[in-house]
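The lines below spell out each chain.
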Amino acid sequence: MPIELEDEDYSPTELDRLAQPKAHNASVPQVTLTVPLALIGRRLDQGLAELFPDYSRSRLAGMVKDGAILLDGVAAQPKSKLLGGETIIATLTPREEELAFKPEVLPIEAIYEDDAIIVINKPAGLVVHPGAGNWSGTLLNGLLARNPQVANLPRAGIVHRLDKDTSGVMVAAKTEAAQLSLVRQLQARTMKRIYNALVRGYVKDSGTVDAPIDRHPRERTKMAVIGDTRRGESNAGKSAVTHYRPMERYEFHSLIECSLETGRTHQIRVHMQFIGFPLEGDPVYGPTMTKIDAHVRDTFNAFGRQALHARRLTLEHPVTSEAMTFESPLPEDMQELIAFVREL
């Protein structure tokens, strides 16, 4: 299962490289070509992988089996040997990635919107960008329907992400100039993001976690601190800095505020687990449910997500240069969970 690459900032290079594919239209290209002599003796699926490098070998093999790719006018098998000079007629079905970039009317709660930016209150459960297992119904699809002009922008104007099950405020651009401005603010760390999280444990003091993050060395669907600078270990991961402070303390939990200097995948979730205060409800990095009363365990399980909310976003408007702050109140499910742990 691939990792959800959410809650990580985009760089200008990534935005350019991952610009919206243009092949999401309804046309299905048919290509006719002659097998070059350099492919003599190769399997058909191997040869196709070289002739159509934008498609995976497994996907091409599937098209051969479905009869979408003909060899000298007849159906073949992926393992058929090439002799050189044959005619290939390929009806190339669009990739999922290409089909993903299409407008879909979705309910989007805009906190603020003008000709340059849109600030969104993202609900838990909404994926920000199409990816493996989530090729439709994402925020990007909704933005394309709401503002069709963003189809010309990389990632439809999105410059940062929130995890699928993290709620709260985020911003997207509506023009190329605004997108570049927002990316530069993220890089310069002048865009400020404040989160609220409910964590397991008693957080006594404020602090900073300065610990690099990268993929877990063994569990590749997770992220982890790689190289603990507190122990003099080499910094093998990407620099990641999270500041936190307690807002309310309960017998078994703390409501904390986190601010980010960097935007790494799952940063708050990984950092708080690293220092012994995992987010309540987190299905990947959260606390174990052993030695907990059944009704308490059932309540935490019913919450169904990590207790993390992006509450405040401060930025400089890309056009007016005005300092702007946007807030999203704690959603009802987090308010109810906090009320529950107050009574434990």
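Keep in mind that what you see is a predicted model, and the values were worked out from it rather than measured.

A. Region of interest: empty space enclosed by the protein. Summed over all chains, the structure comprises 1 cavity of 30 Å³ or more. In this structure, the largest cavity encloses a volume near 30 Å³. As for the largest cavity, its lining consists of His160, Leu162, Val169, Arg193, Ile194, Tyr195, Ala310 and Arg312. Looking at the lining of the largest cavity, the elements with two or more residues in it are β8 (192-200) and β14 (308-316). Take the lining of the largest cavity: its biggest share by element is 3 residues, from β8.

B. Quick peek at unusual backbone geometry. Although it is not a glycine, Arg155 adopts a positive phi angle of roughly 55°. Residue placement: Arg155 occurs in the loop between α5 (139-146) and β7 (167-173). Residue classification places Arg155 among the buried positions, given a relative accessible area of 6%. With a phi close to 55°, Ala156 is a non-glycine residue in the positive phi region.

C. Inspection of the packing of helix α2 (residues 44-51) against helix α3 (residues 57-65) at higher detail. The N-to-C vectors of α2 and α3 enclose an angle of 120°; their axes lie 9 Å apart at closest approach. On the basis of the axis angle, α2 is oblique to α3. Our pair here, α2 against α3, has a crossing hand that is right-handed. Residues Leu44, Asp45, Gln46, Leu48 and Ala49 of α2 pack against Arg57, Leu60, Ala61 and Val64 of α3. Grouping the amino acids of the contact of α2 with α3 by side-chain chemistry returns 6 nonpolar, 1 polar and 2 charged.

D. Expanded view of the side chain of His160. Mapped onto the elements of the fold, His160 is located in the loop between α5 and β7. At 3.1 Å, the side chain of His160 and the backbone nitrogen of Val171 are in polar contact.

E. Structural detail: the sheet that holds strand β3 (residues 74-75). Read from one edge to the other, the open sheet built from 4 strands follows the order β1-β4-β2-β3, with strand pairing classed as antiparallel. What marks the edges here is a single partner per strand, and that holds for β1 (30-34) and β3. Pairing of strand β2 (residues 69-71) with strand β4 (residues 87-91), which is carried by 3 bridges, proceeds in the antiparallel orientation. Of the residues in β4, the one forming a bridge with Leu70 is Ile89. The strands touched by α2 within the sheet are β1, β2 and β4, with β4 carrying the most contacts at an inclination of about 70°.

F. Layout of α3. Three or more residues of α3 are buried, namely Leu60, Ala61, Met63 and Val64. Along the long axis of α3, the arc covered by the buried residues comes to 160°, so they all point the same way. Set apart from the buried face of α3 by more than 90 degrees, the exposed residues are Ser58 and Lys65. Of the surrounding secondary structure, the elements contacted by the buried residues of α3 are α2, β2 and β4. One or two residues past the end of α3 sits Gly67, with phi positive at roughly 80°.

G. The arrangement of the pairing of β4 in detail. What you see with β4 is a clean split: Ile88 and Ala90 sit on the buried side and Thr87, Ile89 and Thr91 on the side with no burial. Alignment of β1 against β4, held across 5 bridges, turns out to be antiparallel. Opposite Leu33, over in β4, you have Ile88 as the bridge partner.

Rules of the game
Residues numbered from 1 in each chain as written. Predicted model: local features only at pLDDT ≥ 70, side-chain atom pairs only at ≥ 80, totals over all residues. Heavy atoms only, no water. 1 Å grid on protein atoms, 1.4 Å probe; cavity = no way out; pocket = protein on both sides within 12 Å on 5 of 7 lines; lining within 4 Å. Points joined across faces, edges and corners; volume = space filled by probe spheres on them. Helix = DSSP H or I, 4+ residues; strand = E, 2+ residues; numbered from the N terminus. Buried < 20%, exposed > 50% of the residue type's maximum accessible area, 1.4 Å probe, protein only. Axes fitted to C-alpha atoms, helices over the stretch in contact; angles between N-to-C directions. Parallel < 35°, antiparallel > 145°, perpendicular 65-115°, else oblique. Left-handed = near helix turned anticlockwise from the far one by under 90°. Contact = heavy atoms within 4.5 Å. Nonpolar A, V, L, I, M, F, W, Y, C, P; charged D, E, K, R; others polar. Polar contact = N/O pair within 3.5 Å; in protein donor to acceptor, adjacent residues only side chain to side chain. Pairing = 2+ DSSP bridges. Arc of directions from axis to C-beta.

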